[in-house]
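What follows is each chain in one-letter form.
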Amino acid sequence: MKLRKKSLTTSVTALLAAALMLSACGDNTKTANPAPNTGDNGNSTPTEAVSEKYVLGEQPLDFSFYGHYDWYTMPTWGEDAATKWIKENKKVDVKAINSQGNAQQKFNTMIASGELPDVIWMDRNSDVEKLRENDMLVPYDDYLDKYPNLKEWLGEAGINMLRSPDGKLYQFPNWYTSQPNGNAGYVVNSKIYKELGEPKLETTDDLTKYLEAVKAKYGNTVVPFEPGIEGQGIDILYSAFKEDALTRWVSIRGVPNGDKLSSIFTDPTYRESMQYASKLFRDKLISQDALTQTADQIKEKVMTGRVAVYAASSPTENAMNAHAELIKKDPDAGYFMIWPIHKEGLDKNKIFPGTYTQLGWNVSVITKAAKDPEAIFAFLDWYTGPEGQTLLMWGPEGGYWDGYEEDGITPKFTEKYVTDAAGLGKLQADTTNLQWNGNTVFIDTAKAKYESTLPEEERNWSTRWQYEITWKTQANATEFITLDPAPESEEGIIRQRVEDIYTEARAKALFAKDDAEVLAVLDKAEADAQAAGYEKLLAYKTTKWQANLAQMNGQ
């Protein structure tokens, strides 16, 4: 049920989805100095090393947490079943510091004042390096062997890709993986689909005809195409117009052309997709507040069944919960997912509405404001391990699971996992925004082992469609991570200008009166972006991209 929100975000204000966080490992003999160990003098014994480990639950651990996103407000720690258990049994309490809707201003104020939270949850970007360069972050290197979950599940190669220019590790990743994952795609309203005769819904032409039929039959009572927060579904439509096209290219504002990145504004695929989206919009087949609506407004429409097709980077959370509620009243209601839409003539198996990266979505950094950074790391490491992940995803033992399989880490799921799908969906919805360092492989493998034993109709809604569609249609975009320059650099200033130009052009193109105006808007955006230094920004991102490729190839 990972909400990854992931793959379409481009800045600290972007969406998502989801990440895991829980508790750590505990401490029986901590020194007065909370700084990380700088080395071993060769005199310590294995017994001494063990005794220095922080043991989670032996004493209270309190720390502050800031989610560096405009949209993020941390749920109250201890109110849901999972974190209530952690608070009571592991003695961990987390105090929220929220952005109040202006994350970058909050972040800059924190740095200027030196008043930092203990943990910052943020995108892997130049803001991390800003903190590091100002000597505000605690490196994790001395903790990796003492608390081994991250090292075991991410691996040395992944850890090395996260290292900063000084060679040290400061970032604890969220939803990292070694296998495909993700939820991006198209959700369809079952009842509306049946009432319209279950027509073919495979190509962009099929989609247009279907949305027109929805509008003709239901008028303003149903939204034909719901694109989610910030119009994510509009970007997902990009993938329908070219084989192997990645939505990640849209978010990095650069399209591979040989060994270089070229302009998104001149990309034929982007131009065609925006013409398509604009026509849907002016025909009132797309939410007319697609770029401004709130997450709550979207959720309300989906939950009440007033959406015919819902496309987003992670539509599964809303759709899963809505499906469970709607079928209680009407067995013909609910939602299902379809194979990604593609332009006629393209290979449907080469269409990827979402992407994933081995390093996942975002990261947690521990600042030097923390009184006991090792204890916090121990907690994060426990949180990302099997016990923490099981608790966050399936609640305390005795409910949806009871005991472990022979491997000692895979939970044994109970009958309630199947019979109380709505309750499980609510539990997972409650912890979605507390999932700060999710372990994708563990979660997906644990679900797979159990769900494969169930008949199709008894499988968890989200898990079923992940297995059948979304995991098969997400592309690996690891090579395109961390391309953005520092905001205060010349390229960073250019990037902000280009972002502003892009945002304005996207909206104008969507509202264009015809196809010709869409192209005119994008042509002007290209000219404005080039005047702002776009070519230099693309050259910078190309260099970073090629460096990623070299690092991935062990060079």
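Scoring rules and cut-offs
Residues numbered from 1 in each chain as written. Predicted model: local features only at pLDDT ≥ 70, side-chain atom pairs only at ≥ 80, totals over all residues. Heavy atoms only, no water. pLDDT = per-residue confidence, 0-100. Contact = heavy atoms within 4.5 Å. Pairing = 2+ DSSP bridges. Helix = DSSP H or I, 4+ residues; strand = E, 2+ residues; numbered from the N terminus. Axes fitted to C-alpha atoms, helices over the stretch in contact; angles between N-to-C directions. Salt bridge = Lys/Arg side-chain N within 4 Å of Asp/Glu carboxyl O. Buried < 20%, exposed > 50% of the residue type's maximum accessible area, 1.4 Å probe, protein only. Parallel < 35°, antiparallel > 145°, perpendicular 65-115°, else oblique. Nonpolar A, V, L, I, M, F, W, Y, C, P; charged D, E, K, R; others polar. Phe/Tyr/Trp six-rings, centres within 6.5 Å; stacked < 30°, edge-to-face > 60°. Polar contact = N/O pair within 3.5 Å; in protein donor to acceptor, adjacent residues only side chain to side chain.

(A) Summary view of the confidence of the model for the protein. Overall, the prediction assigns the protein a mean pLDDT of 89, with 90% of residues at 70 or greater. Predicted confidence for residues 1-51 stays below pLDDT 50, and this span has 198 contacts to residues more than four positions away or in other chains.

(B) How the structure looks around the sheet that holds strand E1 (residues 61-67). Pairing within the open sheet is mixed, and its 5 strands lie in the order E2-E1-E3-E12-E4. A single partner strand is all that each edge strand has here, and the edge strands are strand E2 (92-97) and strand E4 (172-173). The sheet contact formed by E1 and E2 spans 6 bridges and is parallel. In the sheet register, Leu61 faces E2, and the bridge partner there is Val92. The strands that helix H3 (residues 103-113) touches are E1, E2 and strand E3 (119-123); relative to E1, the one it contacts most, it runs at about 130°.

(C) Structural detail: the pattern of salt bridges. In this structure the tally under the stated criterion is 32 salt bridges. Between Asp145 and Lys151 there is a salt bridge, with its nearest N and O atoms 2.6 Å apart. Given a relative accessible area of 59%, Asp145 falls into the exposed group. A salt bridge links Arg271 to Asp523; the shortest N-O distance between them is 3.0 Å. Of this pair, Arg271 sits in helix H10 (residues 268-282) while Asp523 sits in helix H20 (residues 515-531), placing them 252 residues apart in sequence. A single network of salt bridges, built from pairs that share partners, joins Lys87, Asp93 and Lys95.

(D) Representation of the packing of helix H13 (residues 373-384) against helix H14 (residues 386-394) in the model. Put simply, H13 and H14 touch, their axes get as near as 4 Å, and they point 65° apart. As summarised for this structure, H13 and H14 are arranged roughly perpendicular, according to the angle between their axes. Residues Trp382, Tyr383 and Thr384 of H13 pack against Pro386, Glu387, Gly388, Gln389, Leu391 and Leu392 of H14. The residue inventory of the contact of H13 with H14, partitioned by class, reads 5 nonpolar, 3 polar and 1 charged.

(E) How the structure looks around the packing of aromatic side chains. On inspection of all chains with the given rule, the structure shows 38 aromatic pairs. Relative to Trp436, the ring of Phe65 has its centre 3.8 Å away and its plane inclined at 20°; by these criteria the two rings are stacked. One end of the pair, Phe65, is in strand E1; the other, Trp436, is in the loop between helix H16 (421-431) and helix H17 (440-451), and 371 residues separate them in sequence. The class for Trp436 is buried, based on a relative accessible area of 0%.

(F) A look at unusual backbone geometry. In this model, Asp135 sits at a positive phi of 55°, which is unusual for a non-glycine residue. Assignment of secondary structure puts Asp135 in the loop between helix H4 (126-133) and helix H5 (149-162).

(G) Looking closely at the sheet that holds strand E5 (residues 185-189). Within the open sheet, the 4 strands sit side by side as E6-E9-E5-E10. Their pairing is mixed. Sheet topology places strand E6 (223-226) and strand E10 (335-338) at the edges, where each strand pairs with a single neighbour. For this sheet the average axis-to-axis angle between neighbouring strands, irrespective of direction, equals 20°. Examined bridge by bridge, E5 and E10 share 4 bridges and lie antiparallel to one another. In the strand pairing of E10, Val188 is matched with Phe336. Each of E6, strand E9 (307-312) and E10 touches helix H11 (residues 295-303); the most contacted strand, E9, lies at about 135° to it. Where helix H18 (residues 461-468) meets the sheet, it contacts E5 and E10, and its direction lies at approximately 15° from that of E10.

(H) A look at the environment of Ser278. Checked against the element boundaries, Ser278 lands in helix H10. Along the backbone, Ser278 and Ala312 are 34 residues apart, and their C-alpha atoms lie at a distance of 17 Å. Those residues in contact with Ser278 that lie beyond four places of it in its chain are Ala509, Leu510, Ala512 and Val518.

(I) How the structure looks around the side chain of Gln466. Mapped onto the secondary structure, Gln466 falls in helix H18. With relative accessibility at 2%, the residue Gln466 sits in the buried group. A distance of 2.8 Å separates polar atoms of two side chains, one belonging to Gln466 and the other to Asn183.

(J) Summary view of the environment of Ile366. The residue Ile366 is located in strand E12 (residues 362-366) in this model. Residue class for Ile366 comes out buried when judged on its relative accessible area of 0%. Residues Ile366 and Phe172 lie 194 residues apart in sequence; the distance between their C-alpha atoms is 8.9 Å. Apart from the residues lying within four places of it in its own chain, the contact partners of Ile366 are Asp118, Val119, Met136, Leu137, Val138, Tyr140, Pro373, Ile376, Phe377 and Leu380.

(K) Summary view of the packing of H10 against helix H19 (residues 490-510). Where H10 meets H19, the axes come as close as 8 Å, and the angle between the chain directions of the two elements is 50°. If you check the angle between H10 and H19, you find them oblique. Contacts from Tyr270, Met274, Ala277, Ser278 and Phe281 of H10 reach H19 at Tyr502, Arg506, Ala509 and Leu510. Class assignment for the residues of the contact of H10 with H19 results in 7 nonpolar, 1 polar and 1 charged.

(L) Highlighting the side chain of Ser273. Note that Ser273 resides in helix H10. For Ser273, a relative accessible area of 1% corresponds to the buried category. A polar side-chain atom of Ser273 sits 2.8 Å from the main-chain carbonyl oxygen of Tyr270. Those residues within four positions of Ser273 in sequence are excluded, and the remaining contacts are Leu237, Tyr238 and Phe241.

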